[in-house]
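Working through the structure, step by step
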Amino acid sequence: MQPIAELLKEGAAAVGRPLADARLLPSRFYTSTEIFEAEKERIFRRNWVSVGHVAEIPKPGDRFRIDVAGEPLLIVRGRDGVVRALSAVCRHRAMLLAEGAGNAGTISCPYHKWTYALDGALMAAPLMEGASPLDEAACALPSFACEVWNGFIFVNLDGRAAPLAAALAPLGEELAPWKMDELEIVGRVVFDQRYNWKVLADNFMEAYHHFAIHPETFEPNYPAAMSQADEARGPFAALRMPHKGNELSEPLFPPLPDIPDEARRGFSVFNIYPSMLLAVFVDTVTWYRMEIESAGSFRLTIYLFAHPRSLDVPDAEALKEFLREAATAVHIEDIAACEGVQKGLESRMAVPGRLSPLEAAIHQHQQWLMGELVKA
Ligand code: FES
Ligand SMILES: [Fe+2]
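Labelled according to an unreviewed UniProt entry, the protein chain appears under the name Rieske (2Fe-2S) domain protein, originating from Parvibaculum lavamentivorans. The annotation that UniProt attaches to the protein chain under Cofactor (unreviewed entry) is "Fe cation".

Dropping the structure here:
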């Protein structure tokens with residue numbers, strides 16, 4: 001087994017080449033538990049990680065559970081309207097405080113009913129008479145840094161990441177016409193995936209595979225050869241998928257009025273590092289949320305969004321259903337590729353293969369990942 005320091009050096013060398021000579025990260029970056037642990041520590045704990053959208057928790061008391069880097073969190077909207085990321089680990093005997101999503105005026109542990117306020121303060125601990133008084137500060141649920149950007153909720157576990165909005169300013173400006181903080185969720189499809197999270201990130205950020213994997217769904221209108229990544233300009237990558245012949249795409253729903261015409265001549269996908277995969281169409285937005293579990297597994301939730309004004313059409317329900325089915329069909333096509341790649345990466349014969357210029361966004365992401373992994 002190769003020591004991790006050596007592997008990191010090899011990774012840095014692989015991604016340090018210029019794009020024309022670029023290679024994929026060595027296969028152990030996709031398979032080894034040591035690398036996965038390093039990613040949790042140095043990437044997912046130290047950076048802003050997207051966990052949800054404000055549309056999931058519109059009212060005080062709304063909450064949902066999610067793990068970030070294995071850390072159980074409860075994302076809650078407080079009585080003051082503020083969205084918080086609280087530890088979901090009970091301060092009594094560490095029971096997980098909730099699963100799934102819901103609404104209540106308090107947070108109550110299912111095990112012995114210790115009860116917390118929506119900001120994490122302990123309100124009640126039944127049958128503790130006879131014990132010395134509880135230390136309020138020690139018994140409150142700890143909270144983590146939490147920011148809302150364009151309606152998306154982000155968490156930074158170590159609390160030391162620079163504010164998110166400044167780093168994403170150029171992207172925020174581009175996405176403003178979509179009014180992402182007002183989006184409605186029109187579908188959510190969940191998949192338990194058995195491959196490394198970066199296999200999906202790589203797949204999402206290149207359209208090179210359109211002619212082979214999506215010959216009927218994407219290639220006819222969004223040909224592989226026309227896709228192009230932007231130059232790197234922040235902690236995110238952007239890939240443009242022009243519509244063939246530079247024609248206007250036919251939207252499903254009426255787009256918002258301020259969306260520029262040029263955005264209708266195709267669509268764009270983004271990876272907001274480390275792992276927020278966003279596809280922005282003129283009338284809808286798709287988000288692939290990855291809840292990473294191990295080197296070889298993660299839970300994927302595909303979110304489909306549209307603005308309420310776009311949904312004000314007579315056949316909205318049928319169109320939503322069509323959108324859910326289309327998104328599921330496309331992802332099922334991608335799963336076959338992603339599972340095949342993972343199996344291949346687990347082989348001793350896997351080599352850090354050369355990348356096409358059409359895979360520039362993968363190269364950018366991997367350069368960023370390596371930069372984070374080798375930071376002190
Ligand atoms: S573990 Fe939560 S109340 Fe006992
Ligand atoms: Fe694909």
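Thoughts on the UniProt feature "domain: Rieske" (unreviewed entry) in the protein chain
With numbering matched to this structure, UniProt assigns "domain: Rieske" (unreviewed entry) to residues 48–155. With 4% helix and 42% strand, residues 48–155 has end C-alpha atoms that lie 5 Å from one another.

Thoughts on the sheet that holds strand β8 (residues 122–124)
Taking strand neighbours across the sheet as the criterion, the 3 strands line up as β6-β7-β8 in an open arrangement whose pairing is antiparallel. Two strands in the sheet have a free side with no partner beyond their single neighbour: β6 (107–108) and β8.

So, unusual backbone geometry
Cis geometry is adopted by the peptide bond preceding Pro-274, which originates at Tyr-273 and carries an omega value of 5°. With respect to the helices and strands, Pro-274 occurs in the loop between β14 (266–272) and β15 (276–280). Even without glycine at this site, Lys-113 takes up a positive phi of about 65°. With respect to the secondary-structure elements, Lys-113 resides in the loop between β6 and β7 (115–116). At Asn-150, a residue that is not glycine, the phi angle is positive and equals roughly 50°. The residue Asn-150 is located in the loop between β9 (143–149) and β10 (152–156) in this model.

As for the pattern of salt bridges
Applying the stated criterion across every chain, the model contains 22 salt bridges. Of the charged contacts, one joins Arg-233 and Glu-174 as a salt bridge, the two residues approaching to 3.5 Å between their closest N and O atoms. Placement of the pair is Arg-233 in the loop between β12 (228–229) and β13 (236–242) and Glu-174 in helix α6 (residues 169–175), with a sequence separation of 59 residues. Residue classification places Arg-233 among the partly exposed residues on the basis of a relative accessible area of 38%.

A look at the domain arrangement of the protein chain
The domain boundaries assigned to the protein chain delineate domain 1 (4–45 + 169–373) and domain 2 (49–160). The C-alpha-based centres of domain 1 and domain 2 are spaced at 30 Å. Each partner contributes to the interface: domain 1 provides 20 residues, whereas domain 2 provides 23 residues. Arg-45 is paired through a salt bridge with Glu-71; the nearest N and O atoms lie 3.8 Å apart. One can count 9 residue pairs in polar contact (both at pLDDT 80 or more) joining domain 1 with domain 2. Sorting the residues of the side of domain 1 that touches domain 2 by element identifies α3 (33–44), α6, β11 (184–193), β15, β16 (285–294) and β17 (297–306) as the ones contributing at least two each. Residues belonging to the side of domain 1 that touches domain 2 are distributed by class as follows: 13 nonpolar, 1 polar and 6 charged.

Regarding the packing of helix α1 (residues 4–16) against α3
Axis separation between α1 and α3 bottoms out at 11 Å; the angle between their running directions is 75°. In this view, α1 runs roughly perpendicular relative to α3, as classed from their interaxial angle. On α3, the residues touching Ile-4, Leu-7 and Leu-8 of α1 are Glu-34, Ile-35, Ala-38 and Arg-42.

Focus on helix α10 (residues 360–373)
Over its 14 residues, α10 runs 20 Å from end to end, which matches the ideal 20 Å to within 8%, given 1.5 Å per residue. By the criterion of burial, α10 is predominantly enclosed, with 12 of the 14 residues buried. Listed in full, the buried residues belonging to α10 are Ala-360, Ala-361, Ile-362, His-363, Gln-364, His-365, Gln-366, Trp-368, Leu-369, Met-370, Glu-372 and Leu-373.

Remarks on the coordination of the iron ion (ligand 2)
The protein atoms that coordinate the iron ion (ligand 2) are His-209 (NE2), His-214 (NE2), Asp-334 (OD) and Asp-334 (OD), at distances spanning 2.0 to 2.6 Å. Here the iron ion (ligand 2) is ringed by 4 donor atoms whose angles at the metal span 55 to 150°, and the overall shape comes out irregular. Mapped onto the sequence, the residues coordinating the iron ion (ligand 2) show the spacing H-x4-H-x119-D. Of the two residues, His-214 sits in the loop between α8 (210–213) and β12 while Asp-334 sits in helix α9 (residues 316–345), which places them 120 residues apart along the sequence. Both residues of the pair, His-214 and Asp-334, count as buried.

A few points about the side chain of Thr-286
With respect to the secondary-structure elements, Thr-286 resides in strand β16. Taking relative accessible area as the criterion, Thr-286 reaches 9% and is therefore assigned buried. Every residue in contact with Thr-286, bar those within four places of it in the chain, is listed here: Leu-277, Leu-278, Ala-279, Phe-281, Ile-302, Tyr-303 and Leu-304.

Here's the deal with the nonpolar core
The biggest cluster of nonpolar side chains holds 76 residues, and the ones touching the most others in it are Phe-29, Ile-75 and Leu-200. Ranked by the residues each element gives to this core, the list is headed by α9, at 7 residues. Taken domain by domain, this core gets at least three of its residues from each of domain 1 (4–45 + 169–373) and domain 2 (49–160). In this structure Ile-75 touches Val-51, Ile-57, Asp-62, Arg-63, Phe-64, Ile-66, Val-83, Arg-84, Ala-85, Ile-153 and Val-155, once residues within four positions along its chain are discounted.

Quick word on the packing of α3 against α10
Running from N to C, α3 and α10 point in directions that differ by 90°, and their axes come no closer than 9 Å. With respect to α10, the element α3 is oriented roughly perpendicular. Of the residues in α10, those touching α3 at Ala-38, Glu-39, Arg-42 and Ile-43 are Trp-368, Leu-369, Glu-372 and Leu-373. The residue inventory of the contact of α3 with α10, partitioned by class, reads 5 nonpolar, no polar and 3 charged.

What counts and how
Residue indices begin from 1 for each chain and proceed along its sequence in written order. A letter from A marks each chain and a number from 1 marks each ligand, given out in the order of writing. Residues qualify for local features only when their pLDDT is at least 70, as the model is predicted, and side-chain atom pairs are given and counted only at 80 or more; totals for whole chains, interfaces and linings, by contrast, use all residues. Values shown for side chains rest on all heavy atoms present in the structure; no hydrogens or waters enter the calculation. UniProt positions are given in the numbering used here, feature names are shortened, and annotations may be inferred rather than shown by experiment. Where helices and strands are cited, they refer to DSSP runs of H or I of at least four residues and of E of at least two residues respectively, numbered from the N terminus. When DSSP locates at least two bridges between a pair of strands, those strands are taken to pair. Salt bridge, as applied in this entry: a Lys or Arg side-chain nitrogen positioned within 4 Å of an Asp or Glu carboxyl oxygen. Working definition: with a 1.4 Å probe on protein chains only, accessible area under 20% of the residue-type maximum means buried, over 50% means exposed, and in between means partly exposed. Domains are outlined according to an automatic or database domain assignment. Two residues qualify as a contact provided that any one of their heavy atoms is within 4.5 Å of a heavy atom in the partner residue. In the analysis that follows, any N or O atom pair within 3.5 Å is treated as a polar contact, provided that within protein one partner can donate a hydrogen and the other can accept it, and provided that, for residues neighboring in sequence, both atoms belong to side chains. All residues other than Ala, Val, Leu, Ile, Met, Phe, Trp, Tyr, Cys, Pro, Asp, Glu, Lys and Arg, Gly among them, are scored as polar; the first ten of these are nonpolar and the last four charged. Orientation is described by axes fitted as lines to C-alpha atoms, over the contacting stretch for helices, and by angles from 0 to 180 degrees between their N-to-C directions. We call two directions roughly parallel when the angle between them is under 35 degrees, roughly antiparallel when it is over 145, roughly perpendicular when it lies between 65 and 115, and oblique otherwise. What a helix is expected to span follows from its residue count: subtract one and scale by 1.5 Å. Each metal site is built from N, O and S donor atoms within 2.8 Å (3.2 Å for Na, K and Ca), and since water is not included, such sites may look incomplete. Note on geometry labels: four donors, all angles 85 to 135 degrees, give tetrahedral; four donors become square planar and six octahedral when opposite donors are over 155 degrees apart and every other angle is between 65 and 115; remaining cases are irregular. Residues enter a nonpolar core if they are buried and are Ala, Val, Leu, Ile, Met, Phe, Trp, Tyr or Cys, with the set joined through side-chain atoms within 4.5 Å.

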